[in-house]
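# Topology and contacts: notes
Residue strings, one per chain:
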Amino acid sequence: MNETILITGANGQLGTVLTSALQERFGRERVIVTDIRPPQREFSGRFEQLDVTDAEGLTQMVRENKVTQIYHLAAILSATGEAAPLRTWEINMTALLNVLEAARLEGVDKVFYPSSIAVFGPSAPAADVPNDCHLDPVTVYGISKAAGENWAQYYFNRYGLDVRSLRYPGVIGHQSQPGGGTTDYAVDIYHAAVKNVPFSCFLDKDEQLPMIFMDDAIRATLKIMDAPKVAIRIRTSYNLAGLSFCPADVAASIQRQAPGFTVDYNPDHRQAIAAGWPDSIDDSAARTDWGWEPEFNLERMTEEMLSALKIKQSGQIAA
Ligand code: SER
């Protein structure tokens, strides 16, 4: 069957890379790439400007294009969200409910909904947090993701809508910039290293968090969406783990390859958010149910990040 894919929030950190992966898999003409803003850089494919809080606009787009799968990535993240809690709630929830309703009404086959480690709070153990841990999120972003997971399950139970979800850790990639998250330092630090400038870290040096390399995050997303429907036993969201490290670990791994690189630590309001999140999460349900396995450890990720960013930088200098 010919799939028609719609992706929201496609200009974001994950959306940028997922768009290319989906275009490669399904063909450019079959992927409707949407965001509230026009693409920042050169883009080839089908781009449509879409505010996903506009239910009618979204539903019409889904109907007219006979969309079969939606990847709903548009959201306001943890750090930015705290500046305007009610607005963040309003936008994140309205957008999700619009997507679920459009999918239900228009007979969409599958929906992907990203959740986050931000759903965990003080009652989670520090390490190896189980999938079925009690959720007591402390940010409005986390509250919206925890509620969203339950809505995903509700639509599955009540309407049979095949919604699949991952709790992403911090995502680290060289292709795109994160925006407004608490884990963003782990991308920024590599950019500083290739520019050869000292890095000021907004988290404490020993603040360990679950993280994942972009390639693994994309692979997991495609894998859960490819899995047979019966394999998806968890209809809220699956814990997804890649690796876990603190700023001092990533600094040391960069310094092994760039010995002159220096980091100092100036924790800001984001440190309190990070402190409320676990050090690591247990993703054995994802491994058992649909065969998840990460490929990148810290050393390998650092090699890839530094070499890809160096190539990008030399291209920019040459241009
Ligand atoms: N990377 C996200 C954030 O920091 C976590 O989902 O907000």
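For the structure itself, look to the data block above.
Residues numbered from 1 in each chain as written. Predicted model: local features only at pLDDT ≥ 70, side-chain atom pairs only at ≥ 80, totals over all residues. Heavy atoms only, no water.

Of regular secondary structure, the protein chain possesses 11 helices and 12 strands. For the protein chain, the C-alpha radius of gyration of 19 Å lies close to 20 Å, the compact-globule estimate for 319 residues. Principal axes of the C-alpha set define a box for the protein chain whose edges measure 55 × 50 × 40 Å. For the protein chain, the residues scored as buried account for 54% of the 319 residues in total. Within the protein chain, contacts between residues separated by at least 24 positions form 79% of all contacts whose residues are at least 6 apart in sequence. Just so you have it, the protein chain exposes about 13600 Å², and 50% of that area is on carbon and sulfur atoms. (Helix = DSSP H or I, 4+ residues; strand = E, 2+ residues; numbered from the N terminus. Rg over C-alpha atoms; globule rule 2.2 N^0.38 Å. Buried < 20%, exposed > 50% of the residue type's maximum accessible area, 1.4 Å probe, protein only. Contact = heavy atoms within 4.5 Å. Areas by Shrake-Rupley, 256 points an atom, 1.4 Å probe, with all protein chains shown as cover.)

Let us now look at the packing of aromatic side chains. Within a pair of aromatic rings, the relevant descriptors are the distance that separates the centres and the angle that separates the planes. One pass over the structure, following the stated rule, counts 12 aromatic pairs. Ring geometry for Phe-112 against Tyr-168: centres 6.1 Å apart, planes inclined by 65°, an arrangement best described as edge-to-face. Taken together, the residues Phe-112 in strand β5 (residues 110-116) and Tyr-168 in strand β6 (residues 162-168) connect sequence positions 56 residues apart. For the pair shown, Phe-112 and Tyr-168 are each scored as buried. (Phe/Tyr/Trp six-rings, centres within 6.5 Å; stacked < 30°, edge-to-face > 60°.)

The subject of this paragraph is the environment of His-191. The topology assignment puts His-191 in helix α6 (residues 185-195). C-alpha separation for the pair His-191 and Thr-288, spaced 97 residues apart in sequence, amounts to 36 Å. Non-local contacts of His-191, meaning those with residues more than four positions away in its chain, are made with Gln-177 and Leu-309.

Further remarks concern a nonpolar patch on the surface. Nonpolar side chains collect at one region of the surface, where Trp-151, Tyr-154 and Tyr-159 lie side by side and expose about 280 Å² of accessible area between them. On the accessibility criterion, Trp-151 (33% relative accessible area) is partly exposed. (Patch = residues over 30% accessible without salt bridge, like charges linked within 9 Å, V, L, I, M, F, W, Y side chains within 5 Å. Salt bridge = Lys/Arg side-chain N within 4 Å of Asp/Glu carboxyl O.)

With that settled, consider the site of the ligand. In the vicinity of the ligand, the residues found are Leu-77, Ser-78, Ser-116, Tyr-141, Gly-181, Thr-182, Thr-183 and Trp-277. Interatomic distance of 3.2 Å between a side-chain N/O atom of Tyr-141 and an oxygen atom of the ligand. The separation between a nitrogen atom of the ligand and a polar side-chain atom of Thr-183 is 2.8 Å. Residue classes in the shell around the ligand are distributed as three nonpolar, five polar and no charged. (Near = heavy atom within 4 Å. Polar contact = N/O pair within 3.5 Å; in protein donor to acceptor, adjacent residues only side chain to side chain. Nonpolar A, V, L, I, M, F, W, Y, C, P; charged D, E, K, R; others polar.)

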